[in-house]
Each structure stands twice: as structure tokens, then as C-alpha cells.
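Notes for the structure review
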Amino acid sequence: MRSSPLPRMSRRGRVTIGVLIGVFVLFTLLGWGVNAWTDWLWFDEVRYTQVFTGVLATRLLLFLLVGLGMALIIAGNLWLAYRLRPQLRPHSPEQATLERYRVLLSPRLGTWIAVVSAVIGLFAGLSAQSRWGQWLLFRNGGSFGVKDPEFGVDIGFYVFQLPFWRYLLGVGFTAVVLSLLGALAVHYVFGGVRLQGVGDRMTNAARAHLSTLVAVFVLLKAVAYVLDRRAMLLEYNEGAKLYGAGYADVNALLPAKEILAYISIVVAIVIIVFSNAVMRNLVWPGIALALLGVSAVAIGGIYPWAVQTFEVKPSARDKEAPYIQRSIEATRSAFGLTDTNIKSYAASNLTPPASLATDTSVVQNARLLDPQLVSETYTQLQQVRGFYDFGPKLDIDRYTVGGKTADYVVGVREINYGELTPQQSNWINRHTVYTHGYGLVAAPANQICNGLPYFVSGFLGEQSKEEQGCSSPTEQIPAQQPRIYYGERMESDDYAIVGQTGDRNVEFDRPTSTGGEQYYTYTGEGGVKIGSFGRRLLYAIKEQESNFLLSEQLNQNSKLLYVRNPRDRVEKVAPFLTLDGDPYPAVVNGRVQWIVDGYTTAATYPYADRVNLQAETADELTGRGTFQLARENVNYIRNSVKATVDAYDGTVRLYAFDDTDPVLKAWNKAFGGDLVLPKADIPPELAAHFRYPSDLFKVQRNLLTRFHVTDPGDFYSGQDFWQVPNVPDAPDSGQKQPPYYLYTQFPGQDAGPRFQLTSAVTPNGRQNLAALISGSYVDGQPRLEVLDLPDQTRTAGPVQVHQQMINTNSNIRQQLNLLQSNQAQVLYGNLLSLPFGNGMLYVEPVYVKSNQQDAYPLLQKVLLSYGDGGSYMVLADNLPDGIKQLVEQGKRAASGNPPPPGGEVTPPGGAGPPAVSGELAQAADRVQSAIGEVRAAQASGDFERYGRALKALDEAMTAFQDAQAAAGPSGSGSPSGPQSASPSPSPNG
């Protein structure tokens with residue numbers, strides 16, 4: 001009995017579904033169209049439309065080619081399976097059951113095939129368009145000029161060609177498998193393949209069709225084996241704990257892959273011939289496929305395992321040595337470590353030399369301001385209005401002022417929209433009034449004024465004499481255009497609408513010295529014009545905000561500033577770059593410029609070690625003023641681009657910094673050849689502010705902890721590996737100590753001090769100092785340098801030094817306890833490790849912060865240590881005083897009376913510390929009272945009272961030290977000299 005077809009949908013149901021689909025498509029296309037149009041307007045504003053059109057055209061091309069190709073292959077095989085259906089089918093219950101499906105499909109078979117193929121093609125196209133980067137590199141990639149050590153193939157093949165070939169192979173496998181499954185289903189429904197009944201289970205036509213698809217699949221497998229041979233140079237070698245093919249891979253697995261490729265070709269031929277020409281059945285093709293599977297397991301699995309287990313493991317050090325050497329050389333080349341200058345530094349001098357007091361290149365440049373801690377101080381003293389903010393971490397740069405180059409702690413006074421009051425947060429105020437910040441605020445990194453930074457720039461107007469207590473009378477780093485419309489505190493929805501008619505200014509600019517407020521109208525070139533109704537409607541849809549159409553604040557001169565975060569702005573212009581997590585501002589030719597370091601990366605450099613950027617760059621500062629990088633696995637990186645973003649008009653410029661990088665050349669070629677400006681176009685004033693990028697340095701530093709070892713045998717044993725120490729004042733936190741910028745001169749460096757990024761490392765599993773690693777620029781070229789200490793050095797590492805200074809020295813511990821109470825806490829700044837005089841000088845500033853609301857840290861003391869970190873240490877009021885005390889200790893040591901372990905000087909006869917006398921107790925009480933007055937003055941906001949309180953505290957501390965000296969020698973001197981952390985009527989330095 002013939003079964004009835006499935007019931008048809010009513011006309012009303014079809015209309016309803018059609019309307020719903022139409023509405024969905026309309027809103028989808030509308031949203032896509034609005035985003036595309038506004039993106040075009042944004043790219044047109046920044047003059048990088050070639051990026052927009054290039055990426056969009058490439059995405060569309062891949063979507064159409066791969067999607068259409070996949071759809072045609074699927075449709076062709078489904079249609080071919082239908083055309084090869086048998087005209088007569090034997091009667092059976094199975095065929096009777098399938099009849100209703102044939103009745104349903106046959107009248108509209110073309111429609112069904114088109115729908116199924118279109119859906120598969122749509123998903124294939126969507127997947128393909130995300131591969132636009134691989135395609136552009138495939139099309140535009142060139143040569144590295146370096147060949148891999150196994151096949152002699154240029155590295156460019158692995159970086160530019162291999163990823164896209166593997167993707168295409170995957171598309172081929174997907175197309176064949178889906179075609180095979182679809183064709184099998186059609187053959188089954190229309191009788192070409194049967195599970196029941198008499199006679200053959202498969203017609204000759206169906207067998208030819210399906211066996212051909214299986215043969216194509218096997219041929220693709222042969223191609224996969226060929227590509228796998230190349231890709232083996234990228235795999236992890238478990239025996240050597242490195243990436244790249246090892247002994248078993250090269251001597252067993254590589255030949256196995258070649259053999260399997262030939263076997264696959266033979267099997268494909270057998271499937272075609274025996275299925276259709278000789279025996280016309282599936283017995284021998286099935287046997288051939290089974291043999292291919294057995295061969296893959298035996299030749300490609302068991303044999304390499306046996307070689308690894310019985311030949312390599314018993315003598316892995318010798319067997320893997322050549323391949324370890326390959327990995328070492330490739331890793332050092334891929335990560336820019338090849339030219340690292342490693343010098344021995346004995347650090348044998350454990351006694352403070354007299355030259356500490358007269359040095360001008362290291363000691364005087366030791367940075368006392370911690371960018372992380374003093375950001376609160378900048379915010380409290382320089383914000384003026386509650387909505388100004390400097391962020392959780394400031395930046396370090398160097399400037400030449402008065403003919404002297406020095407470190408400066410710099411921050412930009414930005415608008416923090418999260419700090420606006422509810423009244424200020426309405427749409428008009430948020431987007432048309434509070435549009436920008438004002439000024440780059442800077443203070444010398446080693447100059448202190450009453451425990452505060454000495455500000456030299458970023459003033460909101462002419463300062464009164466009362467305001468000049470801890471700041472210079474005039475701008476020492478002047479910016480002709482100090483307004484900040486683009487900054488790190490800007491979120492994605494913090495757009496600004498600027499541009500007014502007439503003489504009326506509505507944008508809040510800055511407070512005036514008379515207590516009023518000054519307003520401003522933006523005059524820059526940045527921003528998208530939204531004066532017309534069409535533009536306002538467009539952005540009303542994009543931002544889902546009706547005020548674009550209704551507000552009277554918008555006029556024919558209005559512009560919209562959006563994508564205002566410098567890092568987001570560069571990322572949108574150059575989506576192929578990985579950006580450093582710490583952009584920094586600089587005044588260049590009178591304008592505030594954000595400088596963003598851009599990296600070109602790859603993950604297919606043969607034999608190079610692979611790292612995860614997010615894990616390798618994480619430390620104490622991650623997320624506290626620095627952006628966390630994405631979880632990107634790379635084995636090649638170059639700081640190829642220095643990008644700038646003008647803080648006023650948002651102009652983005654990309655400068656080639658490593659103009660020899662093949663990856664950058666490929667990207668530049670892909671976007672017309674002029675996307676990135678040549679290195680020769682970098683203005684010298686801008687280049688003077690380039691600094692070694694922190695995230696690249698962290699990656700290189702972490703790799704150098706292992707890859708400073710270049711002997712394969714020593715590398716395999718791992719006995720000379722290093723590690724990055726944890727944060728000295730919180731070693732149990734598990735957070736790594738961040739590297740620090742210094743303008744200083746290390747041993748062996750010529751031509752005076754240079755601006756460099758430095759990090760200390762310790763032996764693996766121990767805490768004594770192993771080496772100092774620094775990165776800097778010399779003649780515009782990056783340079784990595786390592787000061788390698790002897791293996792059995794007595795020099796303490798950062799964690800040891802900090803713990804020894806605050807725990808083992810009772811004098812220091814007692815003074816720190818006086819600074820800390822229930823109402824205040826002691827905070828420790830950057831612990832600087834400075835090589836000097838064939839020894840190590842450690843400098844750590846000590847801040848005190850009240851627990852009261854809106855309190856900020858004050859620099860009160862400086863911890864210093866020399867030598868092994870335990871014998872010579874002081875807690876001084878300022879750096880010159882501390883150096884003086886260290887030198888005095890060194891002189892006593894030279895005269896045959898060195899201090900005992902712990903740094904304390906005991907009286908003759910070996911007696912321990914004397915009992916606390918009544919005079920000493922009174923001095924301690926006086927210190928406590930003075931600290932209380934400091935807190936009260938700070939809370940009151942009375943700066944005159946605050947200055948008197950600090951002076952009284954300094955006098956009390958001096959009296960306390962005198963009382964200590966009277967009770968027994970302590971080795972501390974009286975405070976004096978420049979760079980004072982103690983109160984003084986005017987800044988010293």
C-alpha cells in the first residue's frame with residue numbers, strides 16, 4: 001500500500017514564517033549595515049580606509065569562494081547520487097517504508113539540495129572569512145632568508161604558507177566526508193544502497209560514486225602525511241621537553257609518514273580499480289583500507305614508540321643533543337635573543353666602596369618614586385576635580401630639562417566617567433560637557449619634596465606662590481596643546497560630541513585660579529562629522545540613543561569622537577598586531593602623544609619554543625594600569641611597529657621599527673605597501689622617547705632563564721636554569737616581580753647612562769641573585785644584556801634582601817614599627833638592584849599611608865643594602881644620607897671593625913643591644929606623637945599645618961636616632977643632602 005505524503009503547510013503558516021524570516025533578515029542586515037557604515041566613517045576619519053576595505057574584501061572573497069565551493073561540491077554529489085538512482089527497485093518492507101520520503105523529496109528535490117548545500121556553504125563561508133589573516137600572509141608572504149635544519153626549506157613556508165595549506169586540507173576533508181554521507185543517504189533513500197532484499201546491496205553506479213569519494217578521501221590523507229612531515233618540526237618533543245622533531249621523530253616517524261603517504265596512494269588506486277574494474281565489490285577495497293589503518297598504527301605509532309623507548313630513553317642526553325641544539329638556536333633567533341650580550345659580573349665586593357658617595361651615573365639616578373604607589377598621590381594632589389584621574393599606575397619616561405637627562409614619573413590628567421556624580425552623569429554632561437582631560441603631569445623620579453613628588457608640568461593654569469611649595473614655578477615640560485581627548489581611561493561607550501556654533505563654549509576645560517571654571521570648544525581635526533540628519537540617525541541607531549536626534553546640543557558643526565582608548569584605536573587600525581599592555585604618554589614637539597608598541601607574531605617557526613603571551617607577561621602590575629594580553633600561543637615575536645596616537649585629535653601613525661621583519665613586510669604589502677611608515681620617517685623627537693617594551697622584555701627575560709644555556713648537554717640537565725623572583729614584599733603571593741625602568745649605567749656600558757628596562761633573576765629553586773637582565777636601545781637598535789653572576793655567589797636576591805632588611809635588623813625593624821600602626825600602613829616601593837663597584841647596591845623606598853579616606857602614600861624612608869644583603873644595610877631619611885651611612889660602614893670594615901651579620905653595630909666586648917633607656921623611650925613617644933599630628937594634618941587638608949607636622953616628625957626622628965646613638969652605636973647618621981625624604985621648606989635635588 002502506498003503511504004500518503006506529509007501534510008502541506010497552510011498558506012497562512014507559510015506567510016507567517018516568511019514574514020518572521022524577513023524581519024529577522026532585515027534587522028540583521030540593518031545592524032550589519034549600520035556597523036559597516038560607521039566603521040567606514042571612522043576609518044575615513046583616521047585615513048586608514050585601506051584597512052577597512054582590505055579586510056572586508058578579503059572576508060567577502062573567502063566567504064564566497066569557500067562557501068560557494070563547498071555548496072557546489074555538496075550539491076553536485078547529492079544531485080549525482082539522485083541521477084544514479086535505479087529505475088527499478090525490488091519490493092521489500094524497507095523500500096515501502098522509504099517510499100513516503102521519496103514522494104516528499106522528488107517533486108522539489110532541487111530545492112532540498114539547494115537548501116542543504118546553501119546551509120553547509122554558509123557555515124563553511126563563515127568559517128573561511130575568519131581566516132582572512134592567514135590568506136593575506138599566504139598571498140603576500142616572502143622569504144625569511146633562513147632555512148629549517150631538517151628539510152632546508154625557508155622559514156617563510158612555515159610562517160606564511162603552511163597554516164593556510166592545512167586549513168585548505170581541512171576544508172577538503174570536510175567537503176569529502178559531507179559529500180560521502182549525503183550521497184550515501186540519497187543512494188539509500190532512492191534504492192541505490194539497500195539493507196534488505198535479494199541481490200546486490202549496492203548498484204554499480206552507487207558503488208562507483210561512493211568508492212570514488214572514499215578514494216579521494218584517502219588521497220587527501222596522503223597529502224596530509226606530506227604536510228605532517230613539515231609540521232613535525234612544530235610539535236612538542238616530550239623527550240627533550242622542547243618543540244621540534246627529536247631523534248625518534250626524525251629517524252622513525254618521518255620515514256613512517258613518507259611510507260604511509262605512498263601506501264595511501266596505492267590504497268586509493270586499489271579502491272578505484274577493484275571496486276569498479278576488476279572484482280566490482282568492496283572486499284578488496286575494504287582489505288586495503290584495513291591495511292592502511294594497520295600500517296598507520298604499526299608504522300606511524302608502534303615503531304616510533306619503540307625507537308623512543310628502547311633507543312632514545314636510555315641515552316637521551318646524547319641522542320637528543322643535536323635536536324636540542326636546533327631548538328636552542330631556533331628559539332634564540334625567533335625571539336630576538338641571538339645577539340644577547342652576556343657578561344660575567346663577579347659581584348665579589350661585599351663592602352660598600354667610598355665611590356658610592358661621589359657617583360653620578362648610578363646612585364644619583366636611583367628612582368625613589370614608585371609609579372604604582374604615587375598614582376594615588378598624583379590623583380589627590382593634581383586632580384582638582386573629583387572626576388579627574390591618573391589611573392592605578394603611572395609611567396616612566398626620560399626628559400632633558402636644563403641640559404640634564406633624568407627619569408620622570410608621568411601621568412595624564414584624564415576624565416574618569418565613573419567618578420562623575422549622578423547630576424553630572426546625565427547624557428548631555430557626560431557626552432558634551434565633560435569631554436576631555438588636561439595636561440601631562442610629571443615629576444623627577446629621584447626628587448622628593450616633603451615626602452611628595454616635585455611636580456614640574458601639567459599645571460592647570462598660573463600657579464600662586466602657595467601652590468608652588470612642591471612644584472616648579474613654570475612648566476619644565478611644556479605642552480602647546482595639553483588637552484586630552486584620547487586616553488587610557490576611556491571605555492568603549494565614552495564617546496564625546498564636540499563642536500559648537502557661535503562664541504559659546506560648553507566643554508568644561510579646567511578650573512581657574514580664581515575659583516571659576518574655563519570652557520572650551522574643540523578645534524582639532526579628529527572626529528566624525530554628524531551635523532546632518534542622516535549622520536545623526538545613523539549614530540542614533542548605532543548607539544541606541546535618541547538624543548542624537550532630539551538634543552539641541554548637536555548642530556551642523558558637531559563631531560563625534562569615539563574609539564578613544566589609544567590601544568583600541570591602534571588595534572582597530574592594525575588588527576594584525578599584538579599590542580603591548582602598557583601604552584605611555586610623552587610630550588613630543590609640544591603635543592601629548594600616546595606611544596604604543598606593536599608586535600608581529602607567528603606560531604609556526606620550526607623548532608622554536610612556544611609560549612603563551614598572557615601567562616608569560618603576567619606579574620604584579622597586570623590589570624593595575626597595564627592591559628592583560630590575550631591567550632595567544634606564539635613562537636616568534638618582533639617589536640616591529642611603534643604606533644602613536646595624538647591625545648588631542650586622535651591621529652594614528654604606524655612607524656616601522658624593525659624594518660627587516662618579514663612578517664611586517666607581508667602585512668604592509670597586503671594593505672598597499674604604505675600602511676606602515678618607514679623607519680626613516682620617525683621624528684628624532686619621538687624616537688628620543690622610545691623605550692624597550694615591557695611585554696616583549698618579559699617574554700625574552702623568561703626565555704633567557706633557560707635559553708642563556710647554549711650547550712645541549714647542560715640544557716638537558718637544567719642545572720643552570722634561572723627563575724624570575726616573586727614580589728619582594730609579598731613573596732607568597734605567587735606574583736612575579738615586574739621589571740623596572742631606570743636611567744642608569746651598568747658595568748660594561750659605554751657612553752654614559754641610558755634608559756633601560758631591568759630585571760633580576762635567581763637560580764632555579766633558590767633566592768640568591770643569579771643575573772641582571774636589561775633591555776635598552778643603542779643607536780636606535782634594541783640591545784639585550786645580561787650580567788651573569790658566579791654560580792655560588794653570596795649576593796642575595798630581591799626577596800632575600802627585602803626580608804633581611806626588615807626582619808633581621810632590629811634597628812630597622814623598630815623604626816618601621818614606629819611608622820606603622822592601626823591608623824597607618826607601610827608600603828614598599830620598587831626594590832632596585834643596581835650593580836656598582838663590583839658589588840650590588842639595593843635601594844627600596846618606604847612609603848607611609850594613613851588609613852583615613854582619601855589618604856595617599858608619603859615617602860618617609862629609604863632602605864639601602866650593599867653586598868650580600870645582610871651585612872651592610874640602613875634605613876635612612878633620604879638617599880644621600882643612606883649612601884653616607886653605607887660608606888661609613890664600609891670605612892669601619894676597612895679599618896678592621898666590620899658590622900656583624902644583620903647590619904647592627906654592637907658595642908665593644910660583644911654585648912647585645914642595650915636595654916631601652918628612659919631617654920630613648922621618651923624619644924619614641926615623641927615620634928609617635930609627631931606621627932599622630934601628621935595624620936591629623938593630612939586629614940584636615942591644611943598643607944601649612946601638614947608641612948609643620950612633617951618637620952616636627954623629622955626632628956623627632958632625629959632625636960630618636962640621637963638617643964639610640966647615646967644608648968649604643970647604631971651606624972646611622974644625621975639626615976642631610978639633596979633628594980631629602982624628610983621635611984624641608986623647598987624641594988631639594
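Calculation notes
- Residues numbered from 1 in each chain as written.
- Predicted model: local features only at pLDDT ≥ 70, side-chain atom pairs only at ≥ 80, totals over all residues.
- Heavy atoms only, no water.
- Helix = DSSP H or I, 4+ residues; strand = E, 2+ residues; numbered from the N terminus.
- Buried < 20%, exposed > 50% of the residue type's maximum accessible area, 1.4 Å probe, protein only.
- Contact = heavy atoms within 4.5 Å.
- Core = buried A, V, L, I, M, F, W, Y, C linked by side-chain atoms within 4.5 Å.
- Disulfide = S-S within 2.5 Å.
- Pairing = 2+ DSSP bridges.
- 1 Å grid on protein atoms, 1.4 Å probe; cavity = no way out; pocket = protein on both sides within 12 Å on 5 of 7 lines; lining within 4 Å.
- Points joined across faces, edges and corners; volume = space filled by probe spheres on them.
- Nonpolar A, V, L, I, M, F, W, Y, C, P; charged D, E, K, R; others polar.
- Patch = residues over 30% accessible without salt bridge, like charges linked within 9 Å, V, L, I, M, F, W, Y side chains within 5 Å.
- Areas by Shrake-Rupley, 256 points an atom, 1.4 Å probe, with all protein chains shown as cover.
- Salt bridge = Lys/Arg side-chain N within 4 Å of Asp/Glu carboxyl O.
- Lys, Arg positive; Asp, Glu negative; His and termini not counted.
- Charge placed at Lys NZ, Arg CZ, Asp CG, Glu CD.
- pLDDT = per-residue confidence, 0-100.
- Axes fitted to C-alpha atoms, helices over the stretch in contact; angles between N-to-C directions.
- Parallel < 35°, antiparallel > 145°, perpendicular 65-115°, else oblique.
- Left-handed = near helix turned anticlockwise from the far one by under 90°.

Looking only at helices and strands, the protein chain has 26 helices and 34 strands in total. Burial statistics for the protein chain: of 989 residues in total, 54% are counted as buried. Here the analysis covers contacts within the protein chain between residues at least 6 apart in sequence; of these, 69% occur between residues at least 24 apart.

Bringing the nonpolar core into the picture now. Most often, soluble globular proteins keep nonpolar side chains buried together rather than apart. Ranked by size, the top nonpolar core spans 210 residues in total, and within it Phe548, Leu654 and Leu841 carry the most contacts. Excluding its chain neighbours within four sequence positions, the residues that come into contact with Phe548 are Trp427, Tyr495, Ile497, Ile530, Arg536, Tyr539, Ala540, Glu543, Leu554 and Leu560.

Taken as a whole, this structure holds 1 disulfide when the rule is applied. There is a disulfide in this structure between Cys449 and Cys470, and the S-S distance comes to 2.2 Å. Around the S-S axis, the bridge from Cys449 to Cys470 shows a dihedral of about -75° and counts as left-handed. Of this pair, Cys449 sits in strand E10 (residues 448-449) while Cys470 sits in the loop between strand E11 (452-453) and strand E12 (483-484), placing them 21 residues apart in sequence. Grouping residues by exposure puts Cys449 and Cys470 together as buried.

The 3 strands lie next to each other as E13-E17-E16, forming an open sheet whose pairing is antiparallel. A single partner strand is all that each edge strand has here, and the edge strands are strand E13 (496-498) and strand E16 (528-529). Examined bridge by bridge, E16 and strand E17 (residues 559-561) share 2 bridges and lie antiparallel to one another. Bridged to Val528 within E17 is Leu560.

All right, on to the layout of surface pockets then. Size it by volume and the second largest pocket reaches roughly 920 Å³. Lining the second largest pocket are 35 residues, with Gln134, Thr601, Ala602, Ala603 and Glu632 positioned closest to its centre. With 6 residues, the single largest contributor to the lining of the second largest pocket is helix H6 (residues 155-189). Classifying every residue of the lining of the second largest pocket gives 19 nonpolar, 9 polar and 7 charged.

Moving on to a negative patch on the surface. Together, Glu491, Asp493, Asp568 and Glu571 line one region of the surface with negative charge. As for its placement among the helices and strands, Glu571 is situated in helix H16 (residues 566-573).

Of all 7 residues in strand E5 (residues 395-401), 6 are buried; the element is thus mostly enclosed. Here E5 runs beside strand E6 (residues 404-412); their pairing, made up of 7 bridges, is antiparallel. In the strand pairing of E6, Asp397 is matched with Tyr408. Joining the antiparallel neighbours E5 and E6 is a turn of 2 residues, in which Gly402 adopts a positive phi near 60°.

Bringing a nonpolar patch on the surface into the picture now. On the surface, a cluster of nonpolar side chains totalling about 510 Å² of accessible area is made up of Leu219, Tyr262, Ile265, Ile269, Ile272 and Val273. When residues in the nonpolar patch are grouped by element, the largest group, 5 residues, is from helix H8 (residues 247-276). If you trace the backbone, Ile269 turns up in helix H8.

Moving on to the confidence of the model for the protein chain. Keep in mind that low pLDDT regions are not for reading the predicted coordinates in detail. Overall, the prediction assigns the protein chain a mean pLDDT of 86, with 87% of residues at 70 or greater. Across residues 1-6, confidence stays below pLDDT 50; counting only partners more than four residues off in sequence or on other chains, it has 7 contacts. Every residue in residues 901-916 is under pLDDT 50, and counting partners more than four places away or in other chains gives 26 contacts.

Let us now look at helix H12 (residues 374-382). Among the residues of H12, Val374, Ser375, Thr377, Tyr378, Thr379 and Gln382 are the ones counted as buried. In this fold, the buried residues of H12 make contact with strand E4 (388-389), E6, strand E9 (440-444), E11 and strand E32 (839-850). One or two residues past the end of H12 sits Val384, with phi positive at roughly 65°.

Closest axis-to-axis distance for the helix H5 (residues 132-140)/helix H18 (residues 662-670) pair is 9 Å, and the angle between their directions is 100°. Here H18 runs roughly perpendicular to H5, going by the angle between their axes. Between H5 and H18, the contacting residues are Trp132, Gly133, Leu136, Leu137 and Asn140 on the first element and Ala666, Trp667, Lys669 and Ala670 on the second. Here the contact of H5 with H18 is composed, by residue class, of 6 nonpolar, 2 polar and 1 charged.

A few words now on the packing of helix H11 (residues 321-334) against helix H20 (residues 694-707). The N-to-C vectors of H11 and H20 enclose an angle of 155°; their axes lie 11 Å apart at closest approach. Comparing their axes, H20 and H11 come out roughly antiparallel. For the pair H11 and H20, the sense of crossing is left-handed. Contact residues: H11 offers Ser327, Ile328, Thr331 and Arg332, while H20 offers Leu703, Leu704 and Phe707.

Okay, unusual backbone geometry next. Not every positive phi belongs to a glycine, and Val563 is a case in point at roughly 55°. For Val563, the location among the structural elements is in the loop between E17 and H16. With relative accessibility at 21%, the residue Val563 sits in the partly exposed group. Despite not being glycine, Asp779 has its phi angle at roughly 55°, a positive value. Summarising the element assignment, Asp779 is placed in the loop between strand E28 (771-778) and strand E29 (781-788).

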